[in-house]
Amino acid sequence: SAIATPGKGILAADESTGTIGKRFDNISVENTEANRQAYRQLLFTTENLENYISGAIMFEETLYQKTDDGTSFVDLLKSKGIYSGIKVDKGVRELRGTDGETFTQGFDDLAVRCAKYYEQGARFAKWRAVLKIGNGCPSSISVKENANGLARYAAICQDNGLVPIVEPEILMDGEHAIDVTVKVTEHVLVEVYKALHDANVLLEGTLLKPNMVVQGSGCKDKASAAQVGHATVTALSRAVPVAVPGITFLSGGLSEEQASLNLNAMNQTQLKRPWTLTFSFGRALQASCLKAWQGKKENVAAAQAALLARAKANGEASLGKYQGSDSASTESLFVSNYSY
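Not measured: the values here are computed from a predicted model. (Residues numbered from 1 in each chain as written. Predicted model: local features only at pLDDT ≥ 70, side-chain atom pairs only at ≥ 80, totals over all residues. Heavy atoms only, no water.)

## Description of the nonpolar core
No. 1: If you look at the biggest cluster of nonpolar residues, it comprises 93 residues, and the most contacted ones within it are Phe-44 and Tyr-153.
No. 2: The leading source of residues in this core is helix H6 (residues 140-159), at eight residues. (Core = buried A, V, L, I, M, F, W, Y, C linked by side-chain atoms within 4.5 Å. Buried < 20%, exposed > 50% of the residue type's maximum accessible area, 1.4 Å probe, protein only. Helix = DSSP H or I, 4+ residues; strand = E, 2+ residues; numbered from the N terminus.)

## Some details on helix H10 (residues 283-293)
No. 1: Every buried residue of H10 is listed here: Arg-283, Ala-284, Leu-285, Gln-286, Cys-289, Leu-290 and Trp-293.
No. 2: Immediately downstream of H10, the backbone of Gln-294 shows phi near 60°, a positive value.

## Quick look at H6
No. 1: Over its 20 residues, H6 runs 29 Å from end to end, which matches the ideal 28 Å to within 8%, given 1.5 Å per residue.
No. 2: Burial in H6 covers these residues: Ser-142, Val-143, Asn-146, Ala-147, Gly-149, Leu-150, Ala-151, Tyr-153, Ala-154, Ile-156 and Cys-157.
No. 3: Contact partners of the buried residues in H6: strand S5 (102-104), helix H5 (110-120), strand S6 (124-131), strand S7 (163-170) and helix H7 (178-198).
No. 4: Just past H6, the residue Gly-161 takes up positive phi, approximately 85°. (Expected span 1.5 Å × (residues − 1). Contact = heavy atoms within 4.5 Å.)

## A short note on the packing of aromatic side chains
No. 1: Under the defined criterion, the tally for this structure stands at seven aromatic pairs.
No. 2: With a centroid separation of 5.6 Å and 45° between ring planes, the pair formed by Phe-279 and Phe-281 is classed as tilted.
No. 3: Given a relative accessible area of 0%, Phe-279 falls into the buried group.
No. 4: Put simply, the rings of Phe-24, Tyr-39 and Trp-293 pair up and form one aromatic cluster. (Phe/Tyr/Trp six-rings, centres within 6.5 Å; stacked < 30°, edge-to-face > 60°.)

## Quick notes on the environment of Ala-223
No. 1: For Ala-223, the location among the structural elements is in the loop between strand S8 (207-208) and helix H8 (225-239).
No. 2: Of the residues examined, Ala-223 reaches a relative accessible area of 17% and is grouped as buried.
No. 3: With 34 residues separating them along the chain, Ala-223 and Glu-257 place their C-alpha atoms 15 Å apart.

## Notes on the packing of helix H9 (residues 256-266) against helix H11 (residues 300-317)
No. 1: Relative to each other, H9 and H11 sit at 20°, their axes nearing to 8 Å. One element, H9, and the other, H11, form an angle in the roughly parallel class. Here H9 and H11 pass one another in a crossing that is right-handed. Mapping the contact onto sequence places Glu-256, Glu-257, Ser-260, Leu-263 and Asn-264 in H9 and Arg-310, Ala-313, Asn-314, Glu-316 and Ala-317 in H11. (Axes fitted to C-alpha atoms, helices over the stretch in contact; angles between N-to-C directions. Parallel < 35°, antiparallel > 145°, perpendicular 65-115°, else oblique. Left-handed = near helix turned anticlockwise from the far one by under 90°.)

## Some remarks on empty space enclosed by the protein
No. 1: Taken as a whole, this structure holds four cavities of 30 Å³ or more when the rule is applied.
No. 2: Approximately 60 Å³ is the volume attributed to the second largest cavity.
No. 3: Taken together, the residues of the lining of the second largest cavity break down into six nonpolar, three polar and one charged. (1 Å grid on protein atoms, 1.4 Å probe; cavity = no way out; pocket = protein on both sides within 12 Å on 5 of 7 lines; lining within 4 Å. Points joined across faces, edges and corners; volume = space filled by probe spheres on them. Nonpolar A, V, L, I, M, F, W, Y, C, P; charged D, E, K, R; others polar.)

## Thoughts on the side chain of Thr-276
No. 1: Along the polypeptide, Thr-276 turns up in strand S10 (residues 276-281).
No. 2: Taking relative accessible area as the criterion, Thr-276 reaches 19% and is therefore assigned buried.
No. 3: Those residues in contact with Thr-276, other than ones at most four positions away along the chain, are Ala-4, Pro-6, Pro-245, Gly-246 and Ile-247.

## Topic: the pattern of salt bridges
No. 1: Following the criterion strictly, the structure yields 16 salt bridges and no others.
No. 2: The partner of Lys-80 in a salt bridge is Glu-50, and the shortest N-O contact between them spans 3.4 Å. Residue Lys-80 is found in the loop between helix H4 (73-79) and strand S3 (83-87), and its partner Glu-50 is found in the loop between helix H2 (33-44) and strand S2 (53-58); the two are separated by 30 residues along the sequence.
No. 3: By relative accessible area, Lys-80 is classed as buried at 18%.
No. 4: A salt bridge links Glu-316 to Lys-312; the shortest N-O distance between them is 2.7 Å. Taken together, the residues Glu-316 and Lys-312, both in helix H11 and four residues apart, mark about one turn of the helix.
No. 5: Residue Lys-312 is classed as partly exposed on the basis of its relative accessible area of 37%. (Salt bridge = Lys/Arg side-chain N within 4 Å of Asp/Glu carboxyl O.)

## Topic: unusual backbone geometry
No. 1: Cis geometry is adopted by the peptide bond preceding Pro-138, which originates at Cys-137 and carries an omega value of 0°.
No. 2: Checked against the element boundaries, Pro-138 lands in the loop between S6 and H6.
No. 3: Non-glycine residue Ser-28 carries a positive phi angle of around 60°.
No. 4: Counting through the fold element by element, Ser-28 comes out in the loop between helix H1 (17-25) and H2.
No. 5: Residue class for Ser-28 comes out exposed when judged on its relative accessible area of 71%.
No. 6: At Asn-135, a position not held by glycine, the phi torsion is positive, near 55°.
No. 7: Mapped onto the secondary structure, Asn-135 falls in the loop between S6 and H6.
No. 8: Residue Asn-135 is classed as exposed on the basis of its relative accessible area, which comes to 68%.

Right under this line is the structure:
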């Protein structure tokens with residue numbers, strides 16, 4: 001409940017070494033541990049970040065890193081009242097006999113790692129399951145496998161003191177209309193919560209990180225923010241128990257501005273919303289920040305200002321009070337078949 005505080009959300013800074021390398025390539029910054037530390041330090045030392053951010057998800061390397069003055073990132077965030085989170089899955093692998101569908105790996109030593117991460121100061125975790133729409137997908141085996149995997153992960157987290165963020169992401173890839181996404185999202189979430197129930201997971205001690213319900217990236221009929229807000233809350237209301245304290249949306253490749261407008265629309269809809277609807281954005285919080293930084297110390301202040309502006313916008317959106325911004329980026333951040 002503390003992480004899902006109204007008006008605040010999660011900064012997803014859990015990009016793997018390979019993924020952050022791709023982001024750095026776009027600004028001509030070498031992918032070294034020193035540069036990764038410098039960038040995450042930029043994020044976490046942003047003044048007043050705690051006004052809009054309640055939690056920060058990290059990659060394992062980052063959880064153990066420190067600021068230049070020797071303060072651990074965990075302690076720095078704790079001093080701001082921001083909870084530290086950790087990405088615990090180890091990526092996806094293809095499900096045999098399917099059309100490129102996947103399962104998520106990382107169970108072998110998960111309990112041991114969760115205990116270790118808790119000792120280091122992490123208080124919540126994230127595990128990403130990936131599903132897709134089109135050509136008969138998602139198949140029954142894909143939905144079942146990923147739902148059961150999320151439930152197993154969540155139970156292990158709770159056994160080791162971590163709040164699990166349950167993330168069944170349905171990719172934007174495809175030419176399907178928004179009504180198709182509504183049906184698939186509803187179906188997947190119903191299966192996920194059945195699996196969580198069967199695994200004796202305490203729902204009050206979980207968070208959900210779903211996709212926003214939007215049309216496929218190749219669909220010509222683009223839904224408005226109001227339509228996305230209505231469709232998303234409709235799907236959630238049919239599938240997510242009221243015991244879940246908060247829903248923290250992923251941005252899924254939407255532009256910074258569109259992600260904020262969609263979240264704002266959800267919180268303005270007249271439909272019942274028994275959970276906090278907020279954000280757990282990576283690209284939609286960091287894209288402008290990275291562009292402003294360019295790997296240069298003299299740009300840190302400008303990059304932090306860009307981050308704070310998007311955090312503030314999304315904090316307002318989680319309250320239904322975002323007015324939009326003429327200066328916000330509308331550049332699509334979509335990456336086909338996204339993995340990280």
